[in-house]
Amino acid sequence: VNTHCHADHITGTGLMKKRLVGLKSAISKFSGQTADILLSENDKITFGKHFLTVLETPGHTDGCVSLVIGDQSMVFTGDALLIRGCGRTDFQQGSPEKLYESIHRKIFTLPDECLVYPAHDYLGQTVSTIGEERKFNPRLTKSMDAFVNIMKNLNLPKPAKIDISVPANLVCGVHQV
Ligand SMILES: N[C@@H](CCC(=O)N[C@@H](CSS)C(=O)NCC(=O)O)C(=O)O
């Protein structure tokens, strides 16, 4: 299940599909990608006795989703909400306004105790909670205007491999060779 379409996330899917016959790939219908399953808001992804609910959380990209476990005890936020940070919004459909809304209107409505597992952390942290991020996230505790200003001035170097094109059989599409 891909939280969004960036090279550092999707490029394993085709390889996994090759190794495990019958494996199904999934990504948001707003990602612009093909996959076995195109996800929409509130879709349920079941596995064993568990399920994940899809929350559309655009802003880092248009097709970003966060995945909430059935009893709302955990959320996998991809590159939308990070620990004390958030995904950058300066390329490939990034929008600080959309990201602010996604986090405040969707992710931050989860219970305070809900564990937050993001897709990246650059300090070795692995988990946070919704309550902690609501209180202590230095970007998301600001007004939307202040947040937009922060995001427009991050001046991060562009990830080295973000624009490398991936052969069609290695992405999450169903047309494998
Ligand atoms: N140095 C890393 C890339 C760091 C980076 O830009 N991370 C992204 C997620 S991957 S597109 C991001 O959103 N970072 C937010 C932040 O505040 O750091 C590399 O070159 O690989």
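As annotated in an unreviewed UniProt entry, the chain carries the name Persulfide dioxygenase ETHE1, mitochondrial and is attributed to Tetraodon nigroviridis. Note on the chain: under the UniProt heading Subcellular location (unreviewed entry), the record states "Mitochondrion".

Trainee: Any details on the overall build of the chain? Residues and values, ideally.
Mentor: Along the chain, the regular secondary structure elements total 5 helices and 10 strands. Whereas a compact globule of 177 residues would reach a radius of gyration of roughly 16 Å, the chain reaches 16 Å, a difference of no more than 12%. Each of the three principal axes of the chain carries a C-alpha extent, and together these read 50 × 40 × 30 Å. For the chain, with 177 residues in total, the buried portion stands at 36%. Sequence separation of at least 24 residues holds for 57% of the intrachain contacts in the chain that already meet a minimum separation of 6.

Trainee: Hey, could you go over the pairing of strand β4 (residues 50–56) for me, with residue numbers and the actual values?
Mentor: The sheet contact formed by strand β3 (residues 44–47) and β4 spans 4 bridges and is antiparallel. Counterpart to F47 in the pairing with β4 is H50. With 5 bridges connecting them, β4 and strand β5 (residues 65–69) associate as antiparallel partners. Bridge pairing in β5 places L52 opposite I69.

Trainee: Which residues make up the site of the ligand, and what values go with them?
Mentor: Neighbouring the ligand are H6, D8, D79, G85, G87, R88, H120, L156, P159 and A160. Taken together, the residues that form the shell around the ligand break down as 3 nonpolar, 4 polar and 3 charged.

Trainee: Account for the pairing of β5, naming residues and giving values.
Mentor: Of all 5 residues making up β5, 4 are buried, and the element is well covered by its neighbours. One ladder, built from 2 bridges, connects β5 with strand β6 (residues 74–78); its direction is antiparallel. Bridging from a neighbouring strand, V68 pairs with V75 of β6. Linking two consecutive strands that pair antiparallel, namely β5 and β6, is a turn of 4 residues; a positive phi of about 65° is found at Q72 within it.

Trainee: Which residues make up the UniProt feature "domain: Metallo-beta-lactamase" (unreviewed entry) in the chain, and what values go with them?
Mentor: With numbering matched to this structure, UniProt assigns "domain: Metallo-beta-lactamase" (unreviewed entry) to residues 1–120. The distance from the first to the last C-alpha atom of residues 1–120 is 16 Å, and the span holds 18% helix and 29% strand.

Trainee: Explain the confidence of the model for the chain residue by residue, including any values.
Mentor: Summary statistics for the chain give a mean pLDDT of 93 and a share of 92% for residues scoring 70 or more. Contacts from residues 173–177, a stretch scored under 50 in pLDDT, to residues over four places away or in other chains number 13 contacts. For this predicted complex, the interface score ipTM comes out at 0.94, while the overall pTM is 0.93.

Trainee: I'd like a rundown of the sheet that holds strand β9 (residues 115–118), residues and numbers included.
Mentor: Strand order in the open sheet formed by 6 strands is β3-β4-β5-β6-β9-β10, with mixed pairing between adjacent strands. Each edge of the sheet is formed by a strand with only one pairing partner; in this case those strands are β3 and β10 (128–129).

Trainee: An account of the nonpolar core is needed here, citing residue identities and associated values.
Mentor: As a rule of thumb, nonpolar side chains are buried together in soluble globular proteins. With 29 residues, the main nonpolar core has V75, A80, L81, C86, I103 and I107 as its most contacted residues. In this structure V75 touches S66, L67, V68, I107, L110, C114 and V116, once residues within four positions along its chain are discounted.

Reading the values: the criteria
Residues numbered from 1 in each chain as written. Predicted model: local features only at pLDDT ≥ 70, side-chain atom pairs only at ≥ 80, totals over all residues. UniProt positions renumbered as here; feature names shortened; annotations may be inferred. Helix = DSSP H or I, 4+ residues; strand = E, 2+ residues; numbered from the N terminus. Rg over C-alpha atoms; globule rule 2.2 N^0.38 Å. Buried ≥ 20, exposed ≤ 12 C-beta atoms within 10 Å, placed from the backbone. Contact = placed C-beta atoms within 7 Å. Pairing = 2+ DSSP bridges. Near = placed C-beta within 6 Å. Nonpolar A, V, L, I, M, F, W, Y, C, P; charged D, E, K, R; others polar. pLDDT = per-residue confidence, 0-100. Core = buried A, V, L, I, M, F, W, Y, C linked by C-beta atoms within 7 Å.

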